[in-house]
Amino acid sequence: MEGQSSISYLVFRVGRFVYAVPTIDVREIIHLPEFRQVDEAPDYIAGLVSIRGTVVPLIDLGMRFGRTSSAHHHQYMTTDKVIIFNCDGSPTGIIVNEIVDIYEIPADSIVPAPAYGRDAVSASVFIETVAKIDEDIIMILNQKKLFDPVYKPTEDSLTGSDAGQSFCQIADVDKSIFHKRALELASSASREGQEDDLMPLAIVEAGGELFGIELDVIREFININEYRQVPCCPAHIVGNINLRGEILTLIDITGVLSLARGNIKSAVVVAIDNFTVGICIDNLSDILYLPVSGFKELPAALGQASEDFFEFTALYDGRAVVVINLQSILYKGNLIVNEVL
């Protein structure tokens, strides 16, 4: 898009490799369920799963990249996720080990992938660009080519042993978890005509508790190595950091939520109205797309603060997580400082 200085990317890990795709292309993220292998499918198709009445193929990314089955053979884990995309109107999923982060990547930080001595035509198939985020190099996938069987990995692609991966054996209790997830997905109501029913949420830990934050206000997640304290500021103003040339103020919301402040080591950068701030968190636990129909009203035990700061509860991995209203917390919690000293 002309004039667009940065794009939001979903970053995830498969084995020891870190990849990214544009967040806007992601339909939803689910926990890996039990799936069925099928005959005559390409070898990179791990299997099929029924999601709300729709049959969705799941891609094993290692096999798609041309790693041999003997080198890539492993057991899937209950902590694995599936990222669902709309592929020409049909949903397709890729199995990943971990959702790492969401980053706003400046356009000038994205460069073509190295050719590694090959000609420009065969230099890259599924990875066309890479981005540098702090000290990390992230490979950006072309998901259109990834889902198109016409495109094949190059002959000299990664076919050797993936020694960096370590997968544990799946116990019988874990197999039952996969099966339960598959039953829940298959029996869920069809999403036909309900494309707006899913809400993307970041599950974060702050003050030792889990909270949900809507992704539409989140710009990115960052690690905090050092920050500069600002004198004569309220206690909730942690300090300022230099975020790629932008001075970002860090705000602690645990006091408003009557929680103890944790270690200042991570933050979620949010853009609300006309200002951008960093909300200090303990860590990012997950990024999920959850059905709004599954949200529950707030428990009465949360008290009066629930009406202002909390929106509803959501079920995350068998646990109830409170979704917070950051805009209300910042304004009604008097965390926005507009005074000039």
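Residues numbered from 1 in each chain as written. Predicted model: local features only at pLDDT ≥ 70, side-chain atom pairs only at ≥ 80, totals over all residues. Heavy atoms only, no water.

> What exactly am I supposed to notice about the nonpolar core here?
In summary, soluble globular proteins display a tendency toward joint burial of nonpolar side chains. Counting 71 residues, the largest nonpolar core has F12 and Y19 as its most contacted members. Per-element tally for this core: the top contributor is strand β12 (residues 198-206), with six residues. (Core = buried A, V, L, I, M, F, W, Y, C linked by side-chain atoms within 4.5 Å. Buried < 20%, exposed > 50% of the residue type's maximum accessible area, 1.4 Å probe, protein only. Helix = DSSP H or I, 4+ residues; strand = E, 2+ residues; numbered from the N terminus.)

> Mind showing me how you'd approach the sheet that holds strand β8 (residues 98-106) here?
Taken together, six strands build an open sheet; the order of strands is β8-β1-β2-β11-β10-β9 and the sheet is mixed. Each edge of the sheet is formed by a strand with only one pairing partner; in this case those strands are β8 and β9 (110-112). The mean angle between the axes of side-by-side strands here comes to 35°, regardless of whether they run parallel or antiparallel. Pairing analysis gives eight bridges linking strand β1 (residues 6-14) to β8, with the strands arranged antiparallel. Within the sheet, the bridge partner assigned to R13 lies in β8 and is E98. (Pairing = 2+ DSSP bridges. Axes fitted to C-alpha atoms, helices over the stretch in contact; angles between N-to-C directions.)

> Would you explain the sheet that holds strand β7 (residues 90-96) in this entry?
Think of a sheet as strands paired side by side through backbone hydrogen bonds, with each pair either parallel or antiparallel. Strand order in the open sheet formed by five strands is β3-β6-β7-β5-β4, with mixed pairing between adjacent strands. Among the strands making up the open sheet, the edge pair consists of β3 (26-31) and β4 (45-51). The mean inter-strand angle of the sheet, taken between neighbouring strand axes irrespective of direction, is 30°. One ladder, built from three bridges, connects strand β5 (residues 54-60) with β7; its direction is parallel. When the sheet's bridge partners are listed, D60 is paired in β7 with I95.

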